[in-house]
Amino acid sequence: MVEDLRLDSLEGVGPVTTRKLSDAGVHNVMDLIVRGPVEIAEITGMEKDTAEKIVNKARQHLVDGGLIAKHFTSASEIYKHRQSIGKITTGTNCLDTLFDGGLETQALTEVYGEFGCGKTQFAHTMSVMVQKTKEEGGLEGSVLYIDTENTFRPERIVSIAQAHEMDPEKVLDNIIVARAYNSAHQVLILEEAGPIIEENNVKLIVADSAVGLFRSEYLGRGTLSTRQQKLNHFVHLLSRIAETYNCAAIATNQVMASPDVFFGDPTRPIGGNVVAHTSTYRIYFKKSGKKRIARMVDSPHHPEEEVIFALGEAGVIDPEEAEKKTKKTTKKATTKKAKEPEVEAKVETPEESTETPEVDATAETPEVETAPDVETVEAPPVDAEADDSEPVEE
């Protein structure tokens, strides 16, 4: 299959053109489709007409090989193809119901939310779950993790793998981490990812975060158009790679507070409509105490609903599991400290019970009962004087 995807296999592509394409970062036939004729003409210096011919030949070559869909297909064929698309389980019942079975391949899933809402934890969890067997809900593939904020932690991968009873060393070996230091480097990593995806059987691409470097480098309204163009190129490239190479893609996104919102949630994702239109599925994570809420914001076929999940040693977990663990820890803490307060309570209770009734009896009985007796004694002499005066007047 690798020999069929070589650039030499295309008609009209000689050694000179192959060298130009390889020097520009285009190594196989799939890279021609991912980059597109306009970009290939810019990076190689060839004319647009020749670039379009080469890309059309590459697309026809993949159609004949059955790697991509035909030009015109019926809806029933697309439906059958959709049934065979791979899904990666999240390891939780709540998020699996939100994703309708798991994270889909050939699609870009965007997860945005404020800091501490669980975006990176979700990416770490999916990096472990994709390595499981297909019977267990995985795809038996490796991971390409593009780290832009230096938030990847192998220790977290080890704890998640141990919680799912997997070998931590094998799990770490199947994760390829690429540290991006600027936005241009971030785009270059994705452009050079074609051979790595084929050689290592990559089934999941993670960009954490996809917009952070663009946001920090392009400041002010004067650079907004340039930032959006380059960000648009990166997000579309990520989406086309996921669709062409049949793998899942996750892009975490930062948020901002919209000042013109007076009622409701002012949180808005970064990137504007460029990122919103490109992502296939858009998920919103937000904090709710110790628990987290995931809401399906945009999807072609999923309903807009919310689910509650939590974070634990196994990464993303169901809230029921988190409650069970808290109950177990509280029971252990109470059993250890239960004997000491019981002894103190037995000693203190008789002293308090003996002192209180004596004070109440002496304080209440004499003062309250004497007051009404005085009033009843004073009332009758007034009535008697009034009765005596009436017969005297007669």
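S.K.: Which residues make up the nonpolar core, and what values go with them?
M.R.: Membership of the largest hydrophobic core comes to 49 residues, with the highest contact counts inside it found for L32, I205, F234, L238 and I241. Per element, the largest residue contribution to this core is 7 residues, and it comes from helix α13 (residues 224-244). Aside from chain neighbours lying at most four places away, what touches L238 is L108, L190, I205, A207, A249 and A251.

S.K.: Describe the pattern of salt bridges, and please don't skip the residues or the numbers.
M.R.: Should their charged atoms come close, side chains of opposite charge can pair. Considering all chains together, one arrives at 7 salt bridges under this definition. Residue R282 is joined to E110 by a salt bridge in which the shortest nitrogen-to-oxygen separation is 2.6 Å. Placement of R282 in strand β10 (residues 281-288) and of E110 in strand β3 (residues 107-113) is noted, with a sequence separation of 172 residues between them. On the basis of relative accessible area, R282 is assigned to the buried category, the value being 10%. Between E306 and R295 there is a salt bridge, with the nearest N and O atoms lying 3.5 Å from each other. One end of the pair, E306, is in strand β12 (residues 306-312); the other, R295, is in strand β11 (residues 291-298), with 11 residues separating them in the sequence. Taking relative accessible area as the criterion, E306 reaches 44% and is therefore assigned partly exposed. By relative accessible area, R295 is classed as partly exposed at 22%. Because the salt bridges share partners, they merge into one network encompassing K286, R295, E304 and E306.

S.K.: Lay out helix α3 (residues 37-44) in plain terms, naming residues and giving numbers.
M.R.: Listed as buried for α3 are E39, I40, A41 and T44. Contacts made by the buried residues of α3 are with α1 (15-23), α2 (29-35), α4 (48-64), α10 (183-191) and α13. Just past α3, the residue G45 takes up positive phi, approximately 85°.

S.K.: With reference to specific residues and values, describe the pairing of β11.
M.R.: Of the pairings in the sheet, the one linking β10 to β11 comprises 7 bridges and is antiparallel in character. Across the sheet, residue K286 finds its bridge partner in β11, namely I293. If you look at the hairpin formed by β10 and β11, you'll find 2 residues sitting between the two strands, and G289 has a positive phi there, around 70°. With 4 bridges connecting them, β11 and β12 associate as antiparallel partners. Counterpart to R292 in the pairing with β12 is F309.

S.K.: I'd like a rundown of the environment of N28, residues and numbers included.
M.R.: Within the secondary structure, N28 is located in the loop between α1 and α2. Residue classification places N28 among the buried positions, given a relative accessible area of 5%. It is 5.5 Å that separates the C-alpha atoms of N28 and L5, two residues lying 23 residues apart in sequence. Contact partners of N28, with chain neighbours within four places excluded, come to L5, L7, E198 and Y245. A distance of 2.9 Å separates the side chain of N28 from the backbone nitrogen of D31, its partner in a polar contact. A polar side-chain atom of N28 sits 3.0 Å from a polar atom in the side chain of E198.

About the cut-offs
Residues numbered from 1 in each chain as written. Predicted model: local features only at pLDDT ≥ 70, side-chain atom pairs only at ≥ 80, totals over all residues. Heavy atoms only, no water. Core = buried A, V, L, I, M, F, W, Y, C linked by side-chain atoms within 4.5 Å. Buried < 20%, exposed > 50% of the residue type's maximum accessible area, 1.4 Å probe, protein only. Helix = DSSP H or I, 4+ residues; strand = E, 2+ residues; numbered from the N terminus. Contact = heavy atoms within 4.5 Å. Salt bridge = Lys/Arg side-chain N within 4 Å of Asp/Glu carboxyl O. Pairing = 2+ DSSP bridges. Polar contact = N/O pair within 3.5 Å; in protein donor to acceptor, adjacent residues only side chain to side chain.

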